[in-house]
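In case you want the letters, here they are:
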Protein chains: 2
Amino acid sequence: MVVIVYVIVAYDVNVERVNRVKKFLRRYLNWVQNSLFEGELSSADLEEVKMGLREIINEDEDMVVIYRFRSADAFKREVMGIEKGLGGEEVI
Amino acid sequence: MVVIVYVIVAYDVNVERVNRVKKFLRRYLNWVQNSLFEGELSSADLEEVKMGLREIINEDEDMVVIYRFRSADAFKREVMGIEKGLGGEEVI
């Protein structure tokens, strides 16, 4: 049985690594705004994301937070200002 | 009856406004990493946070996402790399 989880991934990484993290995460998740992604993952994909991130970030300088939920029903999302990602157009 | 919610606030704002947003949010929430706060709020405080943010950000350029939950039990948080905020020391 494939377990699906919903995640929010936020990262605070050195400017040298920001694009690599963004490019990597875009393969799995939806870009919401700079340094923030969301989306559904299988538990196998989640492990892949974590392994991939570990290869990109410097664990002594950078920080990545992964919030995991059973589904997107667990929260309400409210956006103030312009919608960059998700519904809005992505600013490269 | 005071309703308490748990929020994650992530922001992607122009560099000129980042410090004002950070200083403002620090009065209500816990700094997790750059552009990311978490914590418990009463619904009245949440309205205050939204009104305060509206006075600081430029709604045509900046984006703030507020994720709202019934409580912190709604999610699991996993940190990769160094813990800047919450348990770790805050890098000003």
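Scoring rules and cut-offs
- Residues numbered from 1 in each chain as written.
- Chains lettered and ligands numbered in written order.
- Predicted model: local features only at pLDDT ≥ 70, side-chain atom pairs only at ≥ 80, totals over all residues.
- Heavy atoms only, no water.
- UniProt positions renumbered as here; feature names shortened; annotations may be inferred.
- Buried < 20%, exposed > 50% of the residue type's maximum accessible area, 1.4 Å probe, protein only.
- Contact = heavy atoms within 4.5 Å.
- Polar contact = N/O pair within 3.5 Å; in protein donor to acceptor, adjacent residues only side chain to side chain.
- Helix = DSSP H or I, 4+ residues; strand = E, 2+ residues; numbered from the N terminus.
- Arc of directions from axis to C-beta.
- Buried area = accessible area lost by both parts, 1.4 Å probe.
- Salt bridge = Lys/Arg side-chain N within 4 Å of Asp/Glu carboxyl O.

Here we come to the UniProt feature "binding site: Mg(2+)" in chain A. Per the UniProt annotation, the sites labelled "binding site: Mg(2+)" are Asp12 of chain A. According to the relative accessible area criterion, aspartate 12 of chain A is buried, its value standing at 10%. Aspartate 12 of chain A has contacts with Asp62 and Met63 of chain A together with Gln33, Asn34 and Lys84 of chain B, leaving out every residue within four places of it along the chain. At a separation of 2.9 Å, a polar atom in the side chain of aspartate 12 of chain A contacts the main-chain amide nitrogen of asparagine 34 of chain B.

Before going further, it helps to examine helix H1 (residues 15-25) of chain B. Residues lying three or four places apart along an α-helix face the same way, a consequence of the helix completing one turn every 3.6 residues. All names here are of chain B. Every buried residue belonging to H1 is among Arg17, Val21, Lys22, Phe24 and Leu25, and all of these are buried. For H1, the angular spread of buried residues about the axis comes to 160°, placing them on one side. What points out from H1, more than 90 degrees from its buried face, is the exposed set Val15, Glu16, Asn19, Arg20 and Lys23. On its buried face, H1 is in contact with strand E1 (4-12), strand E2 (30-33), strand E3 (36-42) and helix H2 (43-56). The N-terminus of H1 is capped by asparagine 14, whose side-chain oxygen sits 2.9 Å from the backbone nitrogen of glutamate 16.

This brings us to the interface of chain A and chain B. Of the residues lining the interface, 36 residues belong to chain A; the matching set on chain B comes to 36 residues. The contact between chain A and chain B buries some 3,400 Å² in all, and 55% of this surface belongs to carbon and sulfur atoms. Where chain A meets chain B, there are six salt bridges. Put simply, lysine 84 of chain B and aspartate 12 of chain A hold a salt bridge, and the shortest N to O gap is 3.3 Å.

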